[in-house]
Amino acid sequence: MDPILAQVQRLWDLWDIRILVLISLILQFILSIFGNRRKYISSMWFSVLIWLAYLMADWVATYALGHLSKAQVNNDNGLLRAIWAPLLLLHLGGPDTITAYSLEDNQLWLRHLLGLGVQLFMAVYVIMMSWKHSWFSFMSFPALVAGIIKYGERTWILKSVSGDKSGDIVPYGYLGDYNTIGYLGDYNTTEGEYMRVLYIAHKFLKEFKSYMEYYSISENGFPLAQFLDRYRDIQLFWNALEVEMGLMYDLLYTKAVINYSKAGWILRSISFTCTVIVSLGLSVRLIFMREDHQEKWDVVDIAITGVLLGGALTLEIYAVIVLYFSFDWTMLWIVKENKSRWATRLRQRFPCLFREKKYWSKTMAQFNLLGFCIKEKYDHQKPIRRMLGSVLGNDYQDKLNGYLHKTVVHVHPLLNREMLDYCDNLGVVSDRIAVNEEDSIRERFAKRPFQEQIIIAHIMTEACYYLERESDVVAAFEPPGFDDPSSWENNREISKTLSRYLMYLLFMCPSLLPLATLRETSVRDYMPDIGDAKDVSAACRYILERRTFDDICAGDLRRMREVERWKILKLMWLRMLCYAASKGKKNDHLQQLRQGGELLTFVWFFLPQSRALGLNPERMGPRLDKWEVDS
């Protein structure tokens, strides 16, 4: 063997287990700190970081435990390294902030149960092989108890989440009757309003957990139909809906199911006490260690053991802090225990806890098809793009290019109100001319697949948006004395952002949309002919003049006034958004909670629960039926 390779081999044999246990600890810190933040951070790179840490954490801990079981145990360090095996079990149990990366992980609880049995056997094997006639050997047992508790908690939670159909796993159960309880505090105070929001969100969560099993906005009898009938505070409803999404994420992807129960606190106390006992035992052993050579341990192993125990204690303390200062579940416990005065005291001492929190990203991705066509047309000629296309293939290249082309904007502040008005008014435009024109457009849309409806409406919206910005086109469009721009500019912005958002979903997240075909849609399938246009405005003019895509753009909408035009386009996009949400699959939307949350998922939560405000979204059924796609 080459001398250099032989030296590398010797170094690896000496340091392999040490490096692996330290890497395992680092991964636990990464997951503890960042695992819970993915519910309000919408970033592919952040998701990749959590995904890699999640997969590597289990693999590294398992691999290190396997190496420990095979290692030759010597008289000096075997006793010390025996502590590492149960600490690796602790790592396999994972932090409180993440138990599952995706919903599929919850279904694999049997695999985790089998893994618990195998890893427990290996840990016991390491302890037995390292057993010495010393009181310190007994320190392996408290560490083993802590590891079993953590790994067992994870398996228990995965099983509970995968088998729950009726909301039985929601902590605190029934909080009381909203109309009769008197412990929510003064409604006019910050803490009183916050506690009411939490109460409503918890009530929504428990009922919606069972309702989503047969999700259908055309069905009557959502359990909360009369819940807010007397308390029609719209802002309270929106806040409660966002909190509900955050609580749902906690149930599906964290240890909230057990953390906020008596059994959870008992198990946490036991595991923390066991870890403290082992740490104290190590300290005493080092202090009273004899100078005899046979009693000496390797300094590096002593340091690593101290780091592992210190890291375990730090993670436990951090987890307790997160439990208290995540604050939503703590405040729900205050509501449950009728301790409203505690909320007032917390408000006085820690006002920062009552500030607005993040429950989802409140952002929406944007994809401009015409801008993408222009970029592809000219960038495709570059050598590096041709090389990339030959290596990845057109489909993967389009996905990558689409991701690089997308932008992200904040959800328009008026969009919530527009959705509420749409549900309340059934999408009817008050202006008579606009109604006739809208019906004409919609009837032509009804015969097309849903993906084509999105493409056509997107081209219509982009053409109206860009060409209106040119003074000569605006002058031709608008008769003298048209309305104040403030009456339609918000509709224009909402229409533009919804247009680009649904285009993003169509090409980047097609599984969230009710498409007629199961295959992924390729951008190239729907790229319109834009001639030699070098900017979006020129492309819009080319499409309108040549009628290369659809005559709707050149006909109905161009003859309307801006107020009418953007009101109709806004309603078209609201209908498509609500239709896509109403036909969404439960697992697809629940998966989005771990990626910052999509606006479409927010609407999916909103549609049936808007009934609690006295709305009638089931009456939207006949309207939405006109948008059904041919199977």
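Residues numbered from 1 in each chain as written. Predicted model: local features only at pLDDT ≥ 70, side-chain atom pairs only at ≥ 80, totals over all residues. Heavy atoms only, no water.

Engineer: Tell me about the nonpolar core, and please be specific about residues and values.
Structural biologist: Residues L513 and L599 are the most contacted members of the largest nonpolar core, which totals 123 residues. No other element matches helix α25 (residues 562–582), which puts 14 residues into this core. Discounting residues that sit within four places of it in the chain, L599 has contacts with W360, M364, V411, L415, L498, Y501 and L577. (Core = buried A, V, L, I, M, F, W, Y, C linked by side-chain atoms within 4.5 Å. Buried < 20%, exposed > 50% of the residue type's maximum accessible area, 1.4 Å probe, protein only. Helix = DSSP H or I, 4+ residues; strand = E, 2+ residues; numbered from the N terminus. Contact = heavy atoms within 4.5 Å.)

Engineer: If you had to explain the pattern of salt bridges to someone new, which residues and values would you point to?
Structural biologist: For the structure shown, the criterion picks out 16 salt bridges. A salt bridge links E418 to R417, with the shortest nitrogen-to-oxygen separation between them at 3.8 Å. What makes R417 partly exposed here is its relative accessible area of 46%. Several salt bridges converge on common partners, so that one network encompasses D96, K150, E153, K255, R268 and E316. (Salt bridge = Lys/Arg side-chain N within 4 Å of Asp/Glu carboxyl O.)

Engineer: So what's going on with helix α9 (residues 234–253)? Which residues, and what values?
Structural biologist: Taking 1.5 Å as the rise per residue, α9 with 20 residues should run 28 Å; its terminal C-alpha atoms sit 29 Å apart, in good agreement. Among the 20 residues that make up α9, 17 are buried, leaving the element largely enclosed by the rest of the structure. (Expected span 1.5 Å × (residues − 1).)

Engineer: Could you give an account of the environment of L309, with specific residues and numbers?
Structural biologist: Mapping L309 onto the fold places it in helix α12 (residues 299–325). Assessed through its relative accessible area of 3%, L309 is described here as buried. Once the C-alpha coordinates of L309 and A143 are considered, the two residues, 166 residues apart in sequence, prove to be 9.5 Å apart. Once residues lying within four places of it in the same chain are set aside, the contact partners of L309 are L87, T275, V278, S279 and L282.

Engineer: Tell me what's going on with the packing of aromatic side chains, and back it up with residues and numbers.
Structural biologist: Applying the stated criterion to the full structure yields 21 aromatic pairs. Ring centres of F208 and Y211 lie 6.2 Å apart, and the angle between their planes is 35°; on these two criteria the pair is classed as tilted. With F208 and Y211 both in helix α8 (residues 190–211), this residue pair falls 3 residues apart, about one helical turn. Each member of the pair, F208 together with Y211, is buried. Measuring from centroid to centroid gives 5.2 Å for W238 and F606, while their planes differ by 25°, and the two rings are stacked. Linking W238 in helix α9 with F606 in helix α27 (residues 599–609), this pair joins segments that are 368 residues apart in sequence. Across the pair, exposure class does not vary: W238 and F606 are buried alike. Taken together, the ring pairs in this structure connect F204, F237, W238, W360, F602 and F606 into an aromatic cluster. For R18, the ring lying beneath its charged end belongs to W15, and the centroid distance is 4.8 Å. (Phe/Tyr/Trp six-rings, centres within 6.5 Å; stacked < 30°, edge-to-face > 60°. Lys NZ or Arg CZ within 6 Å of the ring centre and 35° of its normal.)

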